[in-house]
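# Architecture and fold: a report
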Amino acid sequence: MQRLVWHVLVLFAGLPALLPAQGFGIYEQGTCAMGRAGTGVAAPCADGSAIFFNPAGLAGLKGGRATLGVTLLDVQGGFTDDLSQQKTKLDDPLLAIPQVYVAYGVTSKLGVGLGLFAPYGLQTRWPLTFDGRFAGYDNILRSVYIQPTVAYQVTPWLSLGGGLDIVLGKVELNQRLDLAAAPVPTALVPVPPGSPPVLFGQFGIAPGTDFANAHLEATKTTVAGHFGAIARVTDRLSFGARYLMQAKFEYSGTATFTQVPTGLIIPADIAVGALTIPAGTPVDAFLNAPPLSLFDPTSGVFRTQAVTTTIRNPAQLALGVAYKIANGWTVLGDYQRTWWNSFNELDIIFPQDASGLLDRKLFERYDNTNGFRVGAEWARDAKWTFRGGYLRHQGAAPDETVTPLLPEGARNEVTAGFTLKLSRGLTADVAYQYIRQNDRRGRTREALFNQVPNTLLNHGVYDFHAHLFGVSLGYAF
Amino acid sequence: MTQRRVVFAAGLGCALLVAACQNDVLNSPRVPAYQGGTMFQRYVAMGNSITAGFQSGGINDSTQRQSYAVLIGGVMGGNRFYYPSLNSFGCPPPFTNIFTGARVGGAGITGTTCLFRSPNIPPYLSNVAVPGAETIDIMNNGPTPGTHSNPLTQLFLGGRTQVQVMMAAQPTFVSAWIGNNDLLGAAQAGDTTLATDTALFRAEYAKMLDSINATGAGAVLIAVGLGHLANNVVLPFFSSGTTWFGAISSGAFAPAPISVAANCAPPRGDTVLVSFAYGFGLVATASGGTPVTLDCTAPPVIEPAETRFFATLQLKYNAIIQGEATARGFAYTDSVNVMMDSLAAALPAGSQFRPFPNVGAACSTFPFGAAFSCDGIHPSTATQQLIARKIVRAINAKYGSAIPNIP
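Sequence positions are assigned chain by chain, starting from 1 and proceeding in written order. Here every chain gets a letter starting at A, and every ligand a number starting at 1, in the order they are written. A pLDDT threshold of at least 70 governs which residues receive local features in this predicted model, and a stricter bar of 80 or more applies before side-chain atom pairs are shown or counted, although totals over entire chains, interfaces and linings include all residues.

## Concerning the overall build of chain A
In terms of helices and strands, chain A carries four helices and 21 strands. Note on method: radius of gyration uses C-alpha positions; expected globular size equals 2.2 Å times residues raised to 0.38. For 477 residues, the compact-globule formula gives about 23 Å, and the C-alpha radius of gyration of chain A, at 25 Å, lands near that figure. C-alpha extents for chain A along the principal axes are approximately 85 × 45 × 35 Å. Three exposure classes are used, all based on how many other C-beta atoms lie within 10 Å of a residue's own C-beta (placed from the backbone): buried at 20 or more, exposed at 12 or fewer, and partly exposed between those limits. Expressed as a percentage of its 477 residues, the buried residues of chain A come to 48%. For helices the rule is a DSSP run of H or I covering at least 4 residues; for strands it is a run of E covering at least 2, with both sets numbered from the N terminus onward.

What follows is the structure in structure tokens.
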């Protein structure tokens, strides 16, 4: 069992997801629920996924449930530049999001469980020809929640549940550095106090001149809580609510830099401050020799060094209703509020960089979002159950923050799925989900000098859609 | 009944879905709306100092904006026309008085003053021209032997060539005006061997056009020159030996100890050209107390045979350009030379092309004539405007387009 848990953790760690929900949220945490558009706060699926969809749903469980599932994501999208009208496509592979739930009804009122899921995370991978590589070409944000859960039926109509989340966080950013946007050290070209430094672009270096590759990686484990309640008003009607607390990660990791050859040659003698660079000097040699020595492993600005940042997975509240109509039909509706305003500014700090040139402040300024889900389920007989649903949610990123890191926006999604009972204790779930994100204007670069971005920086359109396929096996014991 | 409800619900769901899927209002690139405008969505200009916007012995943002290329880019109405804007006061700052050496920015500013480019770095360059560029420099940078790179080559192109920067801009239309320096440099030195020979000119020019062809862009090729040398139209940077003979003989530079040889006198002096730099260099030396003599047989003075050589070379260059344009289906225009011929002949005499500069006058009074800026070589703002009009007409005539007139 210990070995199995380890393998599952490794699987989670290796396969992050891309953008299935607003912000960097992921809602596809169970194949059954996915088939009905993620509804289920008032009536979670009986596969143990209540650990995520509403911890109170474990109360009253008869026997045990173990479910192992995976959601495959086929992500399509890209960025079309206004001027060139050329489209750069996302370079994401087929991704997989696993889920594991084990739940057990200890008594008729008390249920316990353990779940592994990843409600937040993203991966955006762009080709190195994309202008957005300077913001990040392979970016991973991963949060694996391990949630031991307990639920209790307080009264015949009210169940309460809660879990402690141990959250394993990892962030990874790979980006190229553009020499045109790089500041010339003020020791070489002094500027008046308060003035921005001179950029290499002012010496003619063209935008899009890669001169370094940056790899930032950091990990952090933190804790959060998850609570839920379900009120069964009648045999047919129930209401539910759940609240997932914010998880704050104070990441600490390492930044490594490698020089990328520009291949440029200085064509004529040129004065840079007090220094005259002779004609024929390779730019790459100039960057890596005194007085700059940018890549010197002990003293260079781009030496391997520590990096810190703080990221908050936002709190989320979901409210839901479920109503059993007749003849095996149940309709469900959920509303979700996610407090994305906690993802406001991203300070990437290099505490060992005395020059201060490396520190970055990314203004995200996300908006809180509302999402609406409707679903229906039809239990045709003891063997087959069919599901369908539709959901819509707002985009969290404001108009000025639609970037290669996370070019998200408002989405409409349709889902379908079914459960097939294979044998007395074994069931299989299959679901499909189509995500269509509204095309959205955005940018490929961050503002210079950590300035607050605005929509004037937007110079193209991001498009995005995805096909999700979910499959899981459940075992009742 | 249940089936109907399901169908109704599904229909309602689809309607909601369609309504909800409206995209944001998205911008599209600017496509000029006039006839044939699609070709001019993204214009790139290649060339030398005239195209870059060099005036009065210097260049800065103010003069760059006066370039015919910027004017044409403006009326073409396509995507924004970006030039490598230089910080004030320029690199070098233009003269305010070429006779005193005063430049924009005042005290402390010299011909070696060179400020960097503006911090607003454009995403691409539309004006890729570099002052001093000859035909070989279109595809080559220093320190390759035979090239003519200078600090502006670095500041404008950043280690790339004009062709590389042109191609990076993904042009739909290109103008090329290159070759003037292949001739002018030799003329200033009074040495015909320094001129680019026609074989090299043809080869380098063809390479440039191959690159333009590779982009799929249309093009206009502009004939070498600012007037036809064969029509005895020369830049006011050059004055005849006769003119210098008259000025020195009449004591225009007295009491400086400068004299003039008899070989500068007419009729020979009428076909001899003395550059401003050489002639006034002698005057400056004499003003320092050192006696000097202007001899119209010694380099860099251009003697009659050399004048004929340069006039013929200009015709050969332009025949090559015209032949290439015809073969490749590009527009070709010699109308700028024709226009300059007219300006040189315009009355009152000397108002457009002064035969001898108005010594001591500030640049604001056009000491070389109204057609030229304060170095006697580069067109004035007004002439840049006339050049732009001529080129637009040539483009419209070739491509049947309706690019609006330059205001």
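Further notes follow.
## Overview of the nonpolar core
Among soluble globular proteins, nonpolar side chains are generally buried collectively. Residues and elements named next belong to chain B. Note on definitions: a nonpolar core is a set of buried residues drawn from Ala, Val, Leu, Ile, Met, Phe, Trp, Tyr and Cys, linked by C-beta atoms within 7 Å. M46 and I391 are the most contacted members of the largest nonpolar core, which totals 210 residues. Sort the elements by how many residues they give to this core and helix α13 (residues 381–399) lands first, with seven residues. Shared between two domains, this core takes at least three residues from each, and those domains are domain 1 (37–234 + 305–399) and domain 2 (238–294). For the purpose of contact definition, each residue receives a C-beta atom placed from its backbone, and two residues are in contact when these atoms lie within 7 Å. Setting aside chain neighbours within four positions, we find M46 in contact with V128, A129, I138, Q162, M166, V174, S175, A176 and I178. Per the annotation, domain bounds derive from an automatic or database assignment of domains.

## Remarks on the domain arrangement of chain B
All names here are of chain B. Assigned domains within chain B: domain 1 (37–234 + 305–399) and domain 2 (238–294). In this structure, domain 1 and domain 2 have C-alpha centres spaced 30 Å apart. The interface of domain 1 with domain 2 comprises seven residues on the first partner and 10 residues on the second. In this classification, the charged set is Asp, Glu, Lys and Arg, the nonpolar set is Ala, Val, Leu, Ile, Met, Phe, Trp, Tyr, Cys and Pro, and all remaining amino acids, among them Gly, are polar. The residue inventory of the side of domain 1 that touches domain 2, partitioned by class, reads four nonpolar, three polar and no charged.

## What to know about the packing of helix α12 (residues 335–345) of chain B against α13 of chain B
Residue and element names in this part refer to chain B. In contact at an axis separation of 9 Å, α12 and α13 are set at 140 degrees when each is read in the N-to-C sense. Relative to α13, α12 is oriented oblique. Of the two elements, α12 crosses α13, and the hand of that crossing is right-handed. Counted together, S335, V336 and M339 of α12 and L386, I387, K390 and A394 of α13 form the full contact between these two elements. Of the residues belonging to the contact of α12 with α13, the class tally is five nonpolar, one polar and one charged. Orientation is described by lines fitted to C-alpha atoms, with helices fitted over the stretch in contact, and by angles between N-to-C directions that extend from 0 to 180 degrees. Any angle between 65 and 115 degrees counts as roughly perpendicular, while under 35 counts as roughly parallel, over 145 as roughly antiparallel, and the rest as oblique. By convention, the crossing between two helices is left-handed when the near helix turns anticlockwise from the far helix through less than a right angle, and right-handed when the turn is clockwise.

## Things to note about the sheet that holds strand β10 (residues 331–333) of chain B
Residues and elements named next belong to chain B. For two strands to be treated as a pair, DSSP must find no fewer than two bridges joining them. The strand order β1-β4-β5-β10 describes an open sheet built from four strands, whose pairing is parallel. Because the sheet does not close on itself, it has two edges, and the strands there are β1 (43–47) and β10. Taken pair by pair, the neighbouring strands of this sheet meet at an average axis angle of 15 degrees, ignoring direction. Bridge count between strand β5 (residues 218–222) and β10: three bridges; the pairing is parallel. Bridged to L221 within β10 is Y332.

## Here's the deal with the interface of chain A and chain B
In this assembly, 34 residues from chain A lie in contact with 31 residues from chain B. When contributions to the side of chain A that touches chain B are tallied by element, the ones reaching two or more residues are β10 (270–272), β18 (384–393) and β20 (426–442) of chain A. Tallying contributions element by element places β20 of chain A first for the side of chain A that touches chain B, with five residues. Of the residues in the side of chain A that touches chain B, the class split is 20 nonpolar, eight polar and six charged.

## What to know about the confidence of the model for chain B
Residues and elements named next belong to chain B. What pLDDT conveys is the predictor's confidence in a given residue, as a value from 0 to 100. When pLDDT is averaged across chain B, the result is 92; 92% of the residues are at 70 or more. Note that residues 1–22 has pLDDT below 50 and, in this model, eight contacts with residues that lie over four places away or in other chains. At the level of chain-chain contacts, confidence expressed as ipTM amounts to 0.88, with global pTM at 0.88.

## So, helix α4 (residues 68–76) of chain B
Residue and element names in this part refer to chain B. The element α4 is largely enclosed, with a buried count of seven among its nine residues. For α4, the full list of buried residues reads Y68, A69, V70, L71, I72, G73 and M76. Of the surrounding elements, those touching the buried residues of α4 are β1, α2 (49–52), α3 (61–64), β4 (173–177) and α13. Two residues or fewer after α4 comes G77, characterised by a positive phi angle close to 75 degrees.

## With respect to the confidence of the model for chain A
Detail in the predicted coordinates should be disregarded across regions flagged by low pLDDT. Of all residues in chain A, 95% attain a pLDDT of 70 or more, and the chain-wide mean is 92. For residues 1–20 of chain A, every residue scores under 50 in pLDDT, and the model assigns this stretch 42 contacts once sequence neighbours within four places are set aside.

## Section: the pairing of β1 of chain B
Across the five residues of β1 of chain B, five count as buried, placing the element largely inside the fold. Neither face of β1 of chain B is exposed, since Y43, A45 and G47 of chain B on one face and V44 and M46 of chain B on the opposite face are all buried.

## A word on unusual backbone geometry
The step from A254 of chain B to P255 of chain B runs through a cis peptide bond, and the omega angle for that step is 10 degrees. Within the secondary structure, P255 of chain B is located in the loop between α9 (241–249) and β7 (258–260). The peptide bond linking P299 of chain B to P300 of chain B adopts the cis configuration, its omega dihedral lying at 10 degrees. For R365 of chain A, which is not a glycine, the phi torsion comes out positive at approximately 55 degrees. Residue placement: R365 of chain A occurs in the loop between β16 (360–363) and β17 (369–379). In this structure R365 of chain A comes out as partly exposed when scored by C-beta crowding, with 17 C-beta atoms within 10 Å. The phi torsion at F366 of chain B lies on the positive side, around 55 degrees, for a residue other than glycine.

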